[in-house]
Amino acid sequence: MNAHLSRLLAALLLGAGLALAGLFVSVGLERFRLADRSVTVKGLAEQAVDSDYAVWVLGFRRAGPEFGSVQQALAADRERVLAFLRERGFTEQELEIRPLQVQDLYAREYGQGNQPLRFNGTGQVLVKSARVAEVEQAALAVDPLIQAGVQLGGPDEGPAGPRYQLRGFNDLKGPLLAEATRNAREQADKFAAEAGARLGPLRSANQGVIRISGDDGNDFDDGRSRSKRLRVVSTFEYALR
């Protein structure tokens with residue numbers, strides 16, 4: 001074989017390889033094994049869903065030189081918070097009241113006796129409700145509490161919003177996995193047809209893990225986003241005939 005024919009053959013083989021690689025990418029092919037005539041593909045399914053449960057922790061704090069005054073101020077703040085939530089339509093079954101806590105800074109191991117605000121106190125009221133929209137709206141309407149002097153937030157943090165959950169996840173899992181399976185089958189059928197083969201039986205399947213992320217651009221769900229995005233990538237191996 002002369003040099004010209006060698007170069008021509010190499011170019012043809014390279015072109016065929018690039019064309020086949022392009023075909024693989026176009027149908028989402030993960031692996032094609034000619035020896036045992038099988039193809040492995042990935043199926044993708046995504047779905048945007050709304051949360052079905054919300055937990056909102058309303059923390060409040062007070063500090064002062066006397067234990068009794070701090071405790072009384074916290075108790076008054078708690079009543080203001082409860083009145084606000086009841087006015088928003090939340091029932092007693094949706095509210096959880098945590099005990100008040102007052103700490104003597106002088107009694108701490110490294111406490112100093114010259115602190116003017118000797119006592120620090122905190123309290124919490126929790127809202128736990130399946131009425132997600134109502135919780136979200138209430139969290140955006142806390143200005144009256146702040147105007148009344150309620151210091152929302154813990155001792156070292158600012159006001160915290162609700163945390164949204166997806167408790168009906170199991171009801172969504174089945175249809176999402178079925179969609180990923182259909183997507184993979186379609187890709188495998190397409191590849192088999194373009195390769196001049198027929199798709200055979202399923203050899204192995206890995207359904208993958210369903211990932212839940214917030215719909216706010218984060219790759220994970222920290223509970224802050226009311227809207228969730230479910231995503232699963234499943235892997236299937238089919239025989240070719």
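### Here we look at the pattern of salt bridges
By the definition in use, this model includes 15 salt bridges. The salt bridge partner of Glu 179 is Arg 182, with a shortest N-O separation of 2.8 Å. With Glu 179 and Arg 182 both in helix H5 (residues 169-194) and 3 residues apart, this pair spans about one turn of that helix. A relative accessible area of 35% places Glu 179 in the partly exposed class. Here the salt bridges share partners, and the residues they tie into one network are Asp 50, Glu 136 and Arg 226.

### Some details on the nonpolar core
Residues Trp 56, Leu 58, Val 81, Leu 85, Phe 90 and Val 127 are the most contacted members of the largest nonpolar core, which totals 23 residues. Sorting the residues of this core by element identifies strand S3 (53-64), helix H2 (67-87), strand S6 (119-129) and helix H3 (132-139) as the ones contributing at least two each. When residues in this core are grouped by element, the largest group, 6 residues, is from H2. The residues contacting Leu 58, other than those within four sequence positions of it, are Val 81, Leu 85, Gly 123, Gln 124, Val 125, Val 127 and Leu 145.

### A word on the confidence of the model for the chain
Mean pLDDT over the chain works out to 85, with 80% of the residues at or above the 70 mark. Overall, residues 3-27 carries pLDDT values under 50, and its contacts beyond four positions in sequence, including any with other chains, amount to 10 contacts.

### A look at the pairing of S3
Side chains on a regular strand alternate between the two faces of the sheet. Note that S3 and strand S7 (residues 163-165) share 3 bridges and pair antiparallel. The residue of S7 that forms the bridge with Val 55 is Arg 163. Here 11 bridges tie S3 to S6, and the two strands are oriented antiparallel to one another. Considered in S6, the bridge of Leu 58 is made with Val 125.

Rules and cut-offs
Position numbers for residues start from 1 in each chain and track the written sequence from start to end. Thresholds applied to this predicted model are a pLDDT of at least 70 for local features of residues and 80 or more for the giving and counting of side-chain atom pairs; totals over whole chains, interfaces and linings are not thresholded and use all residues. Excluding hydrogens and water, the side-chain values take into account all heavy atoms of the structure. Salt bridge, as used here: a side-chain nitrogen of Lys or Arg that lies within 4 Å of a carboxyl oxygen of Asp or Glu. Secondary structure is summarised from DSSP: a helix means a run of H or I of at least four residues, a strand means a run of E of at least two, and numbering begins at the N terminus for each. Between buried and exposed lies partly exposed: a residue is buried under 20% and exposed over 50% of the maximum accessible area for its type, with that area taken using a 1.4 Å probe on protein chains only. The criterion is simple. A nonpolar core is a set of buried Ala, Val, Leu, Ile, Met, Phe, Trp, Tyr and Cys residues joined through side-chain atoms within 4.5 Å. Any two residues whose heavy atoms approach within 4.5 Å at even a single point are treated as in contact. On a range of 0 to 100, pLDDT expresses the predictor's confidence in each residue. Two strands form a pair only when DSSP identifies at least two bridges running between them.

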